[in-house]
Amino acid sequence: MRDAEPKRARAPIRPSDRPVTAVLGPTNTGKTHFAIERMLAHRSGIIGLPLRLLAREVFDRIVALRGPSVVALITGEERIVPPRAAYWVCTVEAMPLDIGAEFLAVDEIQLCADADRGHVFTDRLLHARGQSETLFLGAEAVRGRIAALLPQVRFRTRPRLSTLSYTGAKKISRMPERSAIVGFSVDQVYAIAELLRRQKGGAAVVLGALSPRTRNAQVALYQNGDVDHLVATDAIGMGLNLDIRHVAFSGLSKFDGRRHRALAPNELAQIAGRAGRHTNDGTFGVTGEAHPLEPEAVAAIEGHRFAPIKKLEWRSSDLSFGSVEALIASLEQIPDAPDLVRAREADDLAALRLLWSRPDLADRVSTPREVRLLWDVCQVPDFRKVSPTEHAALLGRLHDFLHAGGTLSDDWLAAQIKRIDRTDGDIDTLSQRVAHIRTWTYVAQRSDWVADREHWREATRAVEDRLSDALHAALTRAFVDRRTSVLMRRLKQKETLVAELNDKGEVRVADQYVGRLEGFRFRRDPAAEGDEARTLRTAAMAALGPEFRLRADRLYNAADKEIDVTEQGGLVWGTDAVGKLVKGADALAPRIEVFVDDEAGAEVAARVERRLQHWMDRKIAAQFEPLVALRDDATLSGLARGVAFRLVEAMGVLPRVEIAEDVKALDQEARGTLRKHGVRFGQYTLFMAALLKPAPTRLRILLASLWNGFEEFPPAPPPGMVTVPVAAGLQAGHYALAGYHAAGTRAIRIDMLERLADLVRQQNTRGGFEATPDMLSITGLTLEQFADLMGGLGYKAARSERPKVRPPVQPATPEPNAQAEAAEPTAEASVAEPGPTEAPEAEAAAAPPAEAPQAEASDAAPAPEAGEVTETTAALEPAEEVTPAPEPTEEEVEVVFTFTWAGRSDGAGQRRRRAGGEGRQKPPRAKRKAPKGGPKAERDPVKASARPPRKQETAVDPDNPFAALLALKDKV
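The structure presented is a predicted model; accordingly, all values stated were derived computationally and were not measured.

Calculation criteria
Residues numbered from 1 in each chain as written. Predicted model: local features only at pLDDT ≥ 70, side-chain atom pairs only at ≥ 80, totals over all residues. Heavy atoms only, no water. Buried < 20%, exposed > 50% of the residue type's maximum accessible area, 1.4 Å probe, protein only. Helix = DSSP H or I, 4+ residues; strand = E, 2+ residues; numbered from the N terminus. Pairing = 2+ DSSP bridges. Right-handed = clockwise from strand over helix to strand, strands pointing away. Axes fitted to C-alpha atoms, helices over the stretch in contact; angles between N-to-C directions. Parallel < 35°, antiparallel > 145°, perpendicular 65-115°, else oblique. Contact = heavy atoms within 4.5 Å. Nonpolar A, V, L, I, M, F, W, Y, C, P; charged D, E, K, R; others polar. Salt bridge = Lys/Arg side-chain N within 4 Å of Asp/Glu carboxyl O. Core = buried A, V, L, I, M, F, W, Y, C linked by side-chain atoms within 4.5 Å. Phe/Tyr/Trp six-rings, centres within 6.5 Å; stacked < 30°, edge-to-face > 60°.

Caption draft 1: Molecular detail of the pairing of strand β8 (residues 133-138). Within β8, 6 of the 6 residues are buried, which leaves it mostly tucked inside the rest of the structure. Neither face of β8 is exposed, since Glu133, Leu135 and Leu137 on one face and Thr134, Phe136 and Gly138 on the opposite face are all buried. Note: strand β2 (residues 20-24) against β8, 5 bridges, orientation parallel. When the sheet's bridge partners are listed, Val20 is paired in β8 with Thr134. Pairing geometry for strand β7 (residues 103-106) and β8, over 4 bridges, is parallel. By the bridge assignment for β8, Phe103 is matched with Glu133. Crossover β7 to β8 through helix α3 (residues 118-127) is right-handed.

Caption draft 2: Examining the packing of helix α14 (residues 410-420) against helix α16 (residues 453-479) more closely. Interhelical geometry of α14 versus α16 gives an angle of 10 degrees and a closest axis separation of 10 Å. It follows that α14 is roughly parallel to α16 by the angle criterion. Residues Asp410, Leu413, Ala414, Ile417 and Ile420 of α14 touch α16, and the partners they reach there are Trp456, Thr460, Val463 and Leu467. Here the contact of α14 with α16 is composed, by residue class, of 7 nonpolar, 1 polar and 1 charged.

Caption draft 3: Seen up close, the pattern of salt bridges. Taken as a whole, this structure holds 51 salt bridges when the rule is applied. Here Asp360 makes a salt bridge to Arg358, at a shortest N to O gap of 3.0 Å. Using a relative accessible area of 37% as the deciding quantity, one classes Asp360 as partly exposed. Here the salt bridges share partners, and the residues they tie into one network are Arg56, Asp60, Glu78, Arg213, Arg461, Asp465 and Asp469.

Caption draft 4: Fine view of the sheet that holds strand β27 (residues 576-586). Ordered by their spatial adjacency, 4 strands build an open sheet running β25-β26-β27-β28, and the pairing between neighbours is antiparallel. The open sheet has two edge strands, β25 (563-565) and β28 (589-594), and neither has a second partner. Here the strands of the sheet are splayed against their neighbours by 30 degrees on average, with no regard to which way each runs. Sheet topology places β27 next to β28; 5 bridges connect them, and they run antiparallel. When the bridges of β28 are listed, Asp586 appears paired with Ala589. Relative to the sheet, helix α19 (residues 602-623) contacts β25, β26 (570-573), β27 and β28, its axis offset from that of β28 by approximately 150 degrees.

Caption draft 5: Layout of the nonpolar core. Membership of the largest hydrophobic core comes to 67 residues, with the highest contact counts inside it found for Phe520, Val608, Phe624, Leu630 and Leu674. Among all residues touching Leu630, those that are not within four sequence positions of it are Leu636, Ala644, Leu647, Val648, Leu674, His677, Val679 and Met688. Val231, Leu395, Tyr442 and Leu471 belong to the second-largest nonpolar core, a separate cluster that totals 62 residues.

Caption draft 6: Structural detail: the packing of aromatic side chains. As enumerated under the stated definition, the model contains 11 aromatic pairs in all. Relative to Phe899, the ring of Phe769 lies with its centre 5.8 Å away and its plane at 40 degrees, an arrangement referred to as tilted. Remark: Phe899 occurs in strand β37 (residues 893-901) and Phe769 occurs in strand β35 (residues 769-770); sequence separation between them is 130 residues. Overall, the relative accessible area of 4% leaves Phe769 in the buried class. Taken together, the ring pairs in this structure connect Phe769, Phe786, Tyr795, Phe897, Phe899 and Trp901 into an aromatic cluster.

This is the structure we're talking about:
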């Protein structure tokens, strides 16, 4: 592309035959206002401004003075040109230099030294002139370079209208009103705005990439006082006129597109100068992570004295379009003037290089016209800020359309715009869409690129407006708290705040929601934080005083059913938490801690506490009535009183192992006295049956957990469950409090455990027994689960399998009108229907007693009943009337468990097992001889291990309530 070193070219300067004036000075000197007045003094004029936002602001000002019919606006993305336009407001890049306006002005001319855009400003300095008057507005630092390049220029210096002073570092939370905080990245701006929203009610956000519509809407929030703070990038340093009193820098360096660098004092001054507009003094400082400014920098900014600019950026505007190589060479020329330096490669030149590297482009771009078209395409700005390759790909697509058909395809352009035309998404998404639509807005301004420029201008403008409104709404939602900002404004104006409470408990101050009243505590809205929080709470409490007293009266007169206690000890009135239980002097006498704000007063708190304490005392007395009666029974004495004390201490459920010796020592009279109070002496547990109901159980667990100081109270088992799985990590004794006994992987309710123990006592625990249907029915468990439960109770379960006996096949029933003769049954008929004596041993043992005589009588041969199949009738009836025998199948098996006692045989061991909750054992019996009558008696283990006489069982079990009566009977 570039065969030799770039040529040196003299910077052509127009002869100074027309007056040129440079108006220089710091910010807030009225330079822009002076330029507008001078332009309106001529019949026509044009002014170039550095930002699209500033151009729009100046356009609106001139329209207000002269009307819209004579004022034009030209930027890269916006073009408003009425037929009688006389005054042109433009961005510097978009200035039309061939309209012959009488007046011409360029603002912020010191940007000639800007690395990215400086060559454009330098070109306007050298070549742009008005027919009658030319003004260049800027900072004093550029004076030397202008004087060297324009010897005939006249200088005018304007002093600052107000003073600017440094105030040092301030926290963002202490930022004064009407402040602007400057960040140098979008993320930093958003973070500061979010912090201000939480602490100050919100902030307006101004970024250079915002559309004019979004920027104006955000500035309006700040200007009309909805928010007192503005967060912006360094874009506010370019002439935006806002009511700012203080400027704070959150950083002192920025990324300029290629590297991070520290800001020079003159750049800081350009931004800090936004404070103190017109004759109002301003201040500047630092905040956040920015370190304090050096004294030299402070002195330079306050005194407006900066090092002069040494070089201006330059790029030749005398371009050669003979070929792409010639164009690139002309763009790379080196200036011959010592005050100028060749600008670094701009985005348009980088895009040109990338496009020219495409092999197919060399054949299509050969004429000057085609080269100019390619250069025009390369000058489309990269609004999206994507990679150079991706931007070049978009430009290549544009060039393909323009080279092939002269204009862009309407369908393709419509598809690109439709893809962007969506107002959903977050701030970043909407910002990206705004940047994308700016590309098509720029394209739509070119009448030679689109078939219907007016249509596409309106279409792109409508999409940009919708996206701008959506972005403004998203910024406002994210960074402005309307409620807090309104309240802050009312506070600032010293207005009296009046709090109101609605029927939903919501508290409002000045029609703004600030929190809600929950029971007797005011819950401030979490968003109402910062300096105004205490004032808002004070205003709310002043109005809530009568409400606190009214609520205390309602609680005191409320029915008991309106109050409840949670599993964690919280006291609830309706849906509001009003207190909690705390440990008292006794497990059955907890104290109350109320949830009442201090502002409600001690009288309200005492009234609430008294009502809740009365309710809790009545609840304990009602749920634990048998236990309270046992505790207060003065007739109890001796060992019975000690057992009663231990039972009350355990809240009505006491494992027998903990008091086994005392229970053994009780006589029948003491036992009877305790039984009158509902005490049951179970094999595993001493308990009061009335306290096993769900409500007392739930309260017992709560009170015991509170008394033992548990941080988290375990829940009560679900009501109605006979067994529950044993959970890990629960506190010791939990299942006893819940009315359950843990055995294996499950816990069984203690009343059902005692019923199971009664059934087990009837079995031969030494020789082994199987689970009966009653045992399984009591527990509600499967056979495998029952085996695990019995293992936890001290029994050994032996698993085995045996053939499963199928039920006998019944013969077909003959028709009622069938006739048959009475005859003796044949041998085949007897074999076809076996009697009960042929059943397996286990099933025979489980059969009802009434079946046994039938089984024994089946060996006889009684006369056949009517309809019975005999040898004669079998010969007369059709063969299909007889049900055939079932086909032989694979033998089925069933699983059985045989349970035997696995404990020790010594007496002390038996006592420990009984105290620990294991099954009661019978003494071993001598084997009896098999009775006469055949092997049937030997096969019947139930009869072989018949239970002892009642008198013997009573003597073994002292807990039997009829033990004394039977003993008296024996004496008689």
